[in-house]
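# Secondary and tertiary structure notes
Each chain, written out:
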Amino acid sequence: MDWILRGLRFECQPDCGKCCTSELREGSVFLEPNDVERLARYLGVAPREFARHYTADEFGELALVMGDDGSCRFLQAGRCGVHEARPLQCRAYPFLPEDGFTPVESPYTWRREKEFCPGVGKGRLYRKEEIAGIMRGRKDVGGFDV
Ligand code: SF4
Ligand code: SF4
């Protein structure tokens, strides 16, 4: 994190959907309890019903069930169909550490992530403090609402 002096730019690009598809999305989309409530509210169903239809246990954690082709079932025409209510794991990308790795680890890892995600290095500028807050899952620094 010491290398981030003037912040980093990131903005998910419209019609990309790359990290939500079977070919390019790595791993699972794990859910926090808040995610289930928020997504259920967004879809107009009870949290229990949402959990029954859209989630499964993966490695002892609650995760989204993927579609038959391995892509996220909320991906619609290249866009997230639940964007406003998407899970913490999705909204905190590319800052939240996953499996002990975060693309903001060094200039090298940030450049590497750019090769995968066209939104890295573009759009909104995130201050170093905001990024640190997102990494801690905090919303009081304006990173996102959990
Ligand atoms: S790869 Fe990047 S730009 Fe594409 S959908 Fe994922 S976060 Fe958005
Ligand atoms: S919830 Fe949205 S952003 Fe997250 S994997 Fe599914 S389609 Fe992509």
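Structure's up top.
The shown structure was predicted, so the numbers you read here are calculated from the model rather than taken from an experiment. (Residues numbered from 1 in each chain as written. Chains lettered and ligands numbered in written order. Predicted model: local features only at pLDDT ≥ 70, side-chain atom pairs only at ≥ 80, totals over all residues.)

### Structural notes on the overall build of the protein chain
Threshold: Strands are runs of DSSP state E lasting at least two residues, helices are runs of H or I lasting at least four, and both sets are numbered from the N terminus onward. Placing C-beta atoms from the backbone, we regard two residues as in contact once those atoms come within 7 Å.
Helix and strand counts for the protein chain stand at 5 helices and 6 strands. Secondary structure of the protein chain in N-to-C order comes out as β-α-α-β-β-β-β-α-α-β-α. A fraction of 63% describes how many contacts in the protein chain between residues 6 or more apart in sequence connect residues 24 or more apart.

### Side note on the site of ligand 1
Note the cut-off: Being near a molecule or strand means, for a residue, that its C-beta atom, positioned from the backbone, comes within 6 Å of it. Gly is put with the polar residues, along with every residue not named as nonpolar or charged; the nonpolar set is Ala, Val, Leu, Ile, Met, Phe, Trp, Tyr, Cys and Pro, and the charged set is Asp, Glu, Lys and Arg.
Residues in contact with ligand 1, as listed here, are Cys12, Gln13, Cys16, Gly17, Lys18, Cys19, Tyr93, Cys117, Pro118 and Gly119. For the shell around ligand 1, the per-class residue count stands at 6 nonpolar, 3 polar and 1 charged.

### Quick notes on the pairing of strand β2 (residues 55-58)
Along any regular strand the residues' side chains alternate between the sheet's two faces. For clarity, the threshold we go by: Two strands qualify as a pair provided that DSSP identifies no fewer than 2 bridges between them.
Two elements, β2 and strand β3 (residues 61-64), share 4 bridges in a ladder whose sense is antiparallel. If you follow Ala56 over to β3, its bridge partner there is Ala63.

### Describing unusual backbone geometry
Filter applied, for reference: Buried, partly exposed and exposed are defined by the number of other C-beta atoms within 10 Å of a residue's own C-beta, namely 20 or more, between the two limits, and 12 or fewer respectively, with C-beta atoms placed from the backbone.
Here Tyr93 and Pro94 are connected by a cis peptide whose omega angle stands at 5°. With respect to the helices, strands and loops of the structure, Pro94 is situated in the loop between α3 (88-91) and α4 (107-116). Not every positive phi belongs to a glycine, and Phe59 is a case in point at roughly 55°. Tracing the chain through its elements places Phe59 in the loop between β2 and β3. You can call Phe59 exposed: it has 7 C-beta atoms within 10 Å. With a phi close to 50°, Ala77 is a non-glycine residue in the positive phi region. Secondary-structure assignment places Ala77 in the loop between β4 (75-76) and β5 (79-80).

### Side note on the site of ligand 2
Close to ligand 2 lie Cys20, Val29, Cys72, Phe74, Leu75, Cys80, Val82, Arg86, Pro87 and Cys90. Among the residues forming the shell around ligand 2, the class breakdown is 9 nonpolar, no polar and 1 charged.

### Structural notes on the packing of helix α1 (residues 33-43) against helix α2 (residues 47-54)
For clarity, the cut-off: Axis definition: a line fitted to C-alpha atoms, limited for helices to the stretch in contact. Angles are taken between N-to-C directions and run from 0 to 180 degrees. Angular relationships are summarised with four words: roughly parallel below 35 degrees, roughly antiparallel beyond 145, roughly perpendicular across 65 to 115, and oblique for the angles in between.
Packing of α1 against α2 leaves a shortest axis separation of 8 Å and a crossing angle of 95°. When the axes of α1 and α2 are compared, the pair comes out roughly perpendicular. Here Val36, Glu37, Leu39, Ala40 and Leu43 of α1 lie close against α2, whose contacting residues are Pro47, Phe50 and Ala51.

### Things to note about the nonpolar core
Operational definition: By convention in this section, buried Ala, Val, Leu, Ile, Met, Phe, Trp, Tyr and Cys residues joined through C-beta atoms within 7 Å make up a nonpolar core.
The biggest cluster of nonpolar side chains holds 21 residues, and the ones touching the most others in it are Cys72, Ala92, Phe95 and Ile131. If we skip the residues at most four places from it in the chain, Cys72 touches Cys20, Val29, Leu64 and Met66.

### A word on the environment of Glu98
Mapped onto the elements of the fold, Glu98 is located in the loop between α3 and α4. A C-alpha to C-alpha distance of 9.6 Å links Glu98 and Gly27, two positions 71 residues apart in sequence.

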